[in-house]
Amino acid sequence: MKKIIALAGAPNCGKTTLFNLITKTHGAVGNRPGVTVEKKYGVLRFDSDFVVADLPGTYSLSSQSPEERAAGEFILSKGADCVAAVIDGAHPEHGIYLLLEILSTGTPTVAAINFADEITRRGGSVDISALSAALNIPCFLISARKETGISDFVAAATAAVGSSAQPCNLPHSAAKRRLLAKELCSRCFLGGKESSFEKKLDFFFSESRFSFFVCIAFVLTALT
């Protein structure tokens, strides 16, 4: 029977791009309704004894939307032999909090800090050694987009299958986990802030009242 490695992470962490890169089956990239509700499976390119499950993006194992609930139930039911957590290194706090929840399940876990190229572009850095030591799991800095750091991360995930999970001492309450996530981000993710222009642009396209009309304009342009 093939072993299952589950890719878990918050929405837009680059998880599905990584899934497409390391498996023989490609899945759609995006967080639109209908794209990420279902789990996608693919045989690992590097070792056909393993199947990779691309779980829907979620911020927490206890979230209640259909997509997030599917991911949480899969992990909590021990559906995976190893969980490979993918974290947006440019915005790590949500991902680190989810990682702490995953570790509390006792499932063998490894972590990939994605968007290494974006972190470097912003002048930031990640203390991977300190993060690995604090969490007591293998952590890797990768870029799925640039295809860097992938082989070491995958090798660690396959090696973790069947191992005894030995996570750090984890707080039991959600509030204390959030505090720990903030502390780890402050300690291990250094510098690399977005410029004020980038923040304004991101707000305009994703959160402002004009974002809907901008999206419509893009669709109409593409269709003409």
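Placed above this text is the structure.
Counting starts from 1 at the beginning of each chain's written sequence and moves along it residue by residue. Per-residue local features are limited, in this predicted model, to residues with pLDDT of at least 70; the limit for side-chain atom pairs, both in listing and counting, is 80 or more; totals at the level of whole chains, interfaces and linings are taken over all residues. Excluding hydrogens and water, the side-chain figures rest on all heavy atoms present in the structure.

A word on helix 2 (residues 66-76). Only protein chains enter the accessibility calculation, which uses a 1.4 Å probe; a residue whose area is less than 20% of its type maximum is buried, one above 50% is exposed, and one in between is partly exposed. Going along the chain from the N terminus, every DSSP run of H or I of four or more residues is numbered as a helix, and every run of E of two or more is numbered as a strand. Those residues of helix 2 not exposed but buried are Glu68, Ala70, Ala71, Gly72, Phe74 and Ile75. Residues of helix 2 that are buried sit in contact with strand 1 (3-9), strand 2 (40-43), strand 3 (50-54), strand 4 (82-88) and helix 3 (93-104). Following helix 2 by one or two positions, lysine 78 adopts a phi angle in the positive range, close to 60°. Contacts between residues were defined by any pair of non-hydrogen atoms, one from each residue, lying within 4.5 Å.

The next point concerns the sheet that holds strand 3. Strands were regarded as paired on the criterion that DSSP finds at least two bridges between them. Strands sit in the order 2-3-1-4-5-7 across an open sheet of 6 strands; the sheet is mixed. The sheet is open, and its two borders are formed by strand 2 and strand 7 (139-141), each paired with just one other strand. With strand direction ignored, the average angle separating the axes of adjacent strands in the sheet is 25°. In the sheet, strand 1 pairs with strand 3 via 5 bridges, with the strands oriented parallel. Paired with leucine 7 across the strands is aspartate 54, a residue of strand 3. Axis angles are defined between N-to-C directions and span 0 to 180 degrees, where every axis is a line fitted to C-alpha atoms and, for a helix, only to the segment in contact. Helix 2 rests against strand 1, strand 2, strand 3 and strand 4 of the sheet, and its axis sits at about 140° to strand 1. Here helix 6 (residues 150-160) sits on the sheet in contact with strand 1, strand 3, strand 4, strand 5 (109-114) and strand 7, set at roughly 165° to strand 5.

Once that is clear, we can look at helix 1 (residues 15-22). Summarising burial for helix 1: 6 of the 8 residues are buried, a large majority. Residues Lys15, Thr16, Leu18, Phe19, Asn20 and Ile22 constitute the buried set of helix 1. Where helix 1 is buried, its residues meet strand 1, strand 2, strand 3, strand 4 and helix 6.

Looking now at the pattern of salt bridges. Here a salt bridge means any side-chain nitrogen of Lys or Arg lying within 4 Å of a carboxyl oxygen belonging to Asp or Glu. Counted according to the given criterion, the structure contains 7 salt bridges. Here glutamate 93 ties to lysine 182 by a salt bridge, and the two come within 3.0 Å at their closest N and O atoms. Residue glutamate 93 is found in helix 3, and its partner lysine 182 is found in helix 7 (residues 174-188); the two are separated by 89 residues along the sequence. For glutamate 93, a relative accessible area of 34% corresponds to the partly exposed category. Ionic pairing is found between glutamate 118 and arginine 122, a salt bridge with its closest N-O pair at 2.9 Å. Overall, the relative accessible area of 16% leaves glutamate 118 in the buried class. When salt bridges with common partners are traced through the structure, they connect Lys15, Lys40 and Asp54 into a single cluster.

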